[in-house]
Amino acid sequence: MTPLLALAPIMLAIALLILRQSSWISATAGVIAAGLSVVLFFPTPMSVLLQSGADYFPLILEVALILLFGMVLARLLEAAGSMGEISAWVESAAPSRPLGVALVVFGIVPFAESVTGFGIGVTIGVPVLRLLGCSLRQSAMLGLLGLIAVPWGALGPGTTVAAALADLDVDELGVATAWINAIPVVIVAASVILIMRPGLVSCLGIAATAALMWAGILTASIAIGMAPAGIIGSLLVIAVMGGLFIIRRRSTGFTRRLGIAVLPYATLTLGLLLARALQSTFPSLLTQIVASPPFWLAAACIIAAFTVDSRRTVTRSAVRSWAPIGAGTAAFMLMGWIMTTTGMSAAIGSLVPAGLVLLTPWLTATGAVVTGSNTGANSMFTGTIDAVAAASHVSSLPVVAAGNAAGSLAALAAPPRVAMSVQMADPSGPASASDIGWVQGRALAVAGANALCLGLWIQFMV
């Protein structure tokens with residue numbers, strides 16, 4: 001009975017989400033249910049809660065600020081026309097449709113997603129794919145497949161949450177996730193090839209681009225750290241493929257407007273890298289703050305604001321849009337902390353037969369489809385995954401990494417994200433139900449295949 005009672009907060013939150021309640025209402029209901037469960041069935045000493053909360057609550061603030069500044073940056077760049085400038089350059093530089101698609105799926109979309117999160121990469125990638133001549137359904141699906149770097153989206157708050165709840169070093173989890181993310185990358189590359197049906201040379205080009213992105217993220221995770229790894233890996237793809245396109249055209253195609261468009265991105269990337277190097281050399285509270293993702297996201301917002309006349313209106317709109325998302329994410333994080341600290345997650349883990357770690361990726365995959373966020377999925381299920389790993393007598397690091405990778409890619413199948421992608425492919429009118437259904441089915445198939453492969457890999461390799 002106790003494990004079933006521990007499930008109540010999660011099931012309540014999921015039920016409300018299925019009934020189309022907002023994420024903050026669903027998560028808040030889950031927090032209240034978790035609190036009542038602690039009082040009635042999982043009593044925990046106040047000293048334990050205070051000690052754990054002192055370490056975890058600053059993380060909630062950091063994630064909330066990452067989400068805030070990421071959304072503000074995305075809105076400012078959209079208002080400045082920066083997205084259009086970047087899209088026009090890709091459309092003019094790509095020598096063929098398949099290679100242009102590869103640049104978008106493994107370069108442009110992951111880069112934008114790593115910087116801002118929220119599926120913003122889809123809003124950039126889908127219009128470019130349409131300009132490259134892809135059909136409406138192809139563009140929508142390929143844009144979603146570009147969410148291959150979601151573990152590092154918005155500088156990795158979801159991965160940070162998973163590390164905190166499983167008591168793992170965030171950079172170690174980033175490296176483990178980067179290694180195992182080879183499975184999602186293979187699945188996405190195969191999906192791109194099946195959708196595009198290119199010739200042999202273009203097929204090899206797509207595979208090489210996917211491998212380059214994976215290798216870039218892995219190398220950056222090892223050498224620099226988790227937070228900027230997605231930016232660096234996707235930027236490597238953009239640099240290499242863009243360089244090849246430029247050599248072929250014998251023209252850079254760079255303009256002053258394009259330079260202004262990419263300046264906030266450059267500031268964020270270089271600033272974060274330099275600040276992390278400074279912090280490793282001179283560790284202190286000040287350098288820790290300067291090296292944090294919110295600091296440089298805020299700096300990028302300031303630079304982007306100079307190019308927007310209506311910056312105040314745009315910023316206010318972004319803050320209003322952020323409020324329910326930030327509240328929902330914070331509430332999911334709080335619910336995950338309560339359940340992990342009080343032993344509720346461990347109780348849920350006892351429902352999974354010992355040794356069946358292959359089921360754990362399905363937990364976060366399901367959570368991501370329902371919440372549309374790997375941060376929400378990790379908040380709900382990382383504690384349970386950690387408990388299953390402990391009961392199975394295996395290291396929690398690869399098991400949590402597999403769950404992180406599964407939930408991150410499964411976010412592409414969240415119904416609101418699918419609808420947004422289809423709408424972006426044809427902004428002239430309401431999205432067709434048949435088009436949404438087509439994309440939704442294939443997105444769920446990709447998410448399911450990924451969770452299955454990750455589960456099998458964990459079961460037989462760990």
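Residues numbered from 1 in each chain as written. Predicted model: local features only at pLDDT ≥ 70, side-chain atom pairs only at ≥ 80, totals over all residues. Heavy atoms only, no water.

- If you look the protein chain up in an unreviewed UniProt entry, it shows as L-lactate permease from Brevibacterium antiquum.
- As stated in UniProt under Subcellular location (unreviewed entry), the record for the protein chain gives "Cell membrane".
- Per UniProt, the protein chain carries the Sequence similarities (unreviewed entry) text "Belongs to the lactate permease family." (UniProt positions renumbered as here; feature names shortened; annotations may be inferred.)

### Digging into the overall build of the protein chain
Inference 1: Each helix and strand in the protein chain was counted, giving 22 helices and 0 strands.
Inference 2: Taking 2.2 N^0.38 as the reference for a compact globule, 462 residues should give roughly 23 Å; the C-alpha atoms of the protein chain span a radius of gyration of 21 Å, in line with that estimate.
Inference 3: Its C-alpha atoms give the protein chain principal-axis dimensions of about 70 × 45 × 45 Å.
Inference 4: For the protein chain, with 462 residues in total, the buried portion stands at 55%.
Inference 5: Sequence separation of 24 or more characterises 82% of the internal contacts of the protein chain that already satisfy a separation of 6 or more.
Inference 6: Accessible surface computed for the protein chain: about 18,400 Å², of which carbon and sulfur atoms make up 69%.
Inference 7: Side-chain charges of the protein chain comprise 18 positive and 14 negative groups, with the mean position of each set lying 15 Å from the other. (Helix = DSSP H or I, 4+ residues; strand = E, 2+ residues; numbered from the N terminus. Rg over C-alpha atoms; globule rule 2.2 N^0.38 Å. Buried < 20%, exposed > 50% of the residue type's maximum accessible area, 1.4 Å probe, protein only. Contact = heavy atoms within 4.5 Å. Areas by Shrake-Rupley, 256 points an atom, 1.4 Å probe, with all protein chains shown as cover. Lys, Arg positive; Asp, Glu negative; His and termini not counted. Charge placed at Lys NZ, Arg CZ, Asp CG, Glu CD.)

### Considerations on the nonpolar core
Nonpolar side chains in soluble globular proteins generally cluster together in the buried interior.
Inference 1: Residues Phe106, Leu142, Leu145, Val192 and Leu412 are the most contacted members of the largest nonpolar core, which totals 121 residues.
Inference 2: If one sorts the elements of this core by residue count, helix α5 (residues 97–116) sits on top with 11 residues.
Inference 3: Among residues more than four places away in sequence, those in contact with Leu142 are Val101, Val105, Leu129, Cys134, Val192, Ile195 and Met196.
Inference 4: Core analysis: the next-biggest nonpolar cluster, separate from the first, contains 30 residues, Leu17, Val63, Leu165 and Phe381 among them. (Core = buried A, V, L, I, M, F, W, Y, C linked by side-chain atoms within 4.5 Å.)

### Examining unusual backbone geometry
Inference 1: Positive phi is not limited to glycine here, since Asp167 has a value of about 55 degrees.
Inference 2: Counting through the fold element by element, Asp167 comes out in the loop between α8 (157–165) and α9 (170–180).
Inference 3: A relative accessible area of 71% means that Asp167 is categorised as exposed.
Inference 4: Even without glycine at this site, Arg197 takes up a positive phi of about 50 degrees.

### Observations regarding the pattern of salt bridges
Inference 1: A full pass over the atoms with the stated rule returns 1 salt bridge.
Inference 2: Salt-bridge contacts for Asp435 lead to Arg137; the nearest nitrogen and oxygen are separated by 2.8 Å. Linking Asp435 in helix α22 (residues 433–461) with Arg137 in helix α7 (residues 136–145), this pair joins segments that are 298 residues apart in sequence.
Inference 3: Residue class for Asp435 comes out buried when judged on its relative accessible area of 15%.
Inference 4: Judged by relative accessible area, Arg137 falls into the partly exposed class, the value being 28%. (Salt bridge = Lys/Arg side-chain N within 4 Å of Asp/Glu carboxyl O.)

### Focus: the packing of helix α6 (residues 120–131) against helix α21 (residues 415–425)
Inference 1: Remark: α6 packs on α21, axes separated minimally by 9 Å, with the N-to-C direction vectors making an angle of 40 degrees. Read as a crossing pair, α6 and α21 show a hand that is right-handed. Facing α6, whose interface residues are Val122, Thr123, Val126, Pro127 and Arg130, α21 presents Met420, Ser421, Met424 and Ala425.
Inference 2: Counted by class, the contact of α6 with α21 contains 6 nonpolar, 2 polar and 1 charged residues. (Axes fitted to C-alpha atoms, helices over the stretch in contact; angles between N-to-C directions. Left-handed = near helix turned anticlockwise from the far one by under 90°. Nonpolar A, V, L, I, M, F, W, Y, C, P; charged D, E, K, R; others polar.)

### Details of the packing of aromatic side chains
Inference 1: One pass over the structure, following the stated rule, counts 4 aromatic pairs.
Inference 2: Centroid distance Phe57 to Trp337: 5.2 Å. Interplanar angle 80 degrees. Geometry classified as edge-to-face. A residue pair is termed long-range when its members are at least 10 positions apart, and Phe57 in helix α3 (residues 46–80) and Trp337 in helix α16 (residues 311–341) qualify at 280 residues.
Inference 3: Residue Trp337 is classed as buried on the basis of its relative accessible area of 8%.
Inference 4: Each ring, one from Trp179 and one from Trp214, has its centre 5.9 Å from the other, and the planes form 65 degrees; the classification is edge-to-face. Residue Trp179 is found in helix α9, and its partner Trp214 is found in helix α11 (residues 200–223); the two are separated by 35 residues along the sequence.
Inference 5: Given a relative accessible area of 24%, Trp214 falls into the partly exposed group. (Phe/Tyr/Trp six-rings, centres within 6.5 Å; stacked < 30°, edge-to-face > 60°.)

### Topic: the environment of Leu36
Inference 1: Within the element layout of this structure, Leu36 appears in helix α2 (residues 23–40).
Inference 2: When the C-alpha positions of Leu36 and Met461 are compared, they lie 39 Å apart, and in sequence the two are 425 residues distant.

### A word on the state of the cysteines
Inference 1: Counted by the stated rule, this structure contains 0 disulfides.
Inference 2: Unpaired in terms of disulfides, Cys453 finds its nearest cysteine sulfur in Cys203, a separation of 18 Å.
Inference 3: Classification of Cys453 as partly exposed rests on a relative accessible area of 34%. (Disulfide = S-S within 2.5 Å.)

### A short note on the side chain of Thr342
Inference 1: Within the fold, Thr342 resides in the loop between α16 and α17 (344–349).
Inference 2: Within the structure, the side chain of Thr342 is placed 2.6 Å from the backbone oxygen of Ile338, a separation counted as a polar contact.
Inference 3: In this view, Thr342 contacts Val38, Phe42, Thr44 and Leu49; residues no more than four positions away in its chain are not counted. (Polar contact = N/O pair within 3.5 Å; in protein donor to acceptor, adjacent residues only side chain to side chain.)

### What to know about a positive patch on the surface
Inference 1: A surface patch of like charges, here positive, comprises Arg311, Arg312, Arg316 and Arg320.
Inference 2: Relative to the helices and strands, Arg312 resides in helix α16.
Inference 3: Owing to a relative accessible area of 65%, Arg312 belongs among the exposed residues under this scheme. (Patch = residues over 30% accessible without salt bridge, like charges linked within 9 Å, V, L, I, M, F, W, Y side chains within 5 Å.)

### As for the side chain of Thr267
Inference 1: With respect to the helices and strands, Thr267 occurs in helix α13 (residues 256–281).
Inference 2: Setting aside chain neighbours within four positions, we find Thr267 in contact with Leu272, Trp296 and Ile303.

### Considering the packing of α21 against α22
Inference 1: Relative orientation of the contacting elements α21 and α22 amounts to 130 degrees, with a least axis distance of 9 Å. The pairing of α21 with α22 is recorded here as oblique in orientation. Note that α21 runs across α22; the crossing there is right-handed. Every residue of α22 that contacts α21 at Pro415, Val418, Ala419 and Val422 is listed here: Asp435, Ile436, Val439, Gln440 and Ala443.
Inference 2: For the contact of α21 with α22, the class distribution of residues is 7 nonpolar, 1 polar and 1 charged. (Parallel < 35°, antiparallel > 145°, perpendicular 65-115°, else oblique.)

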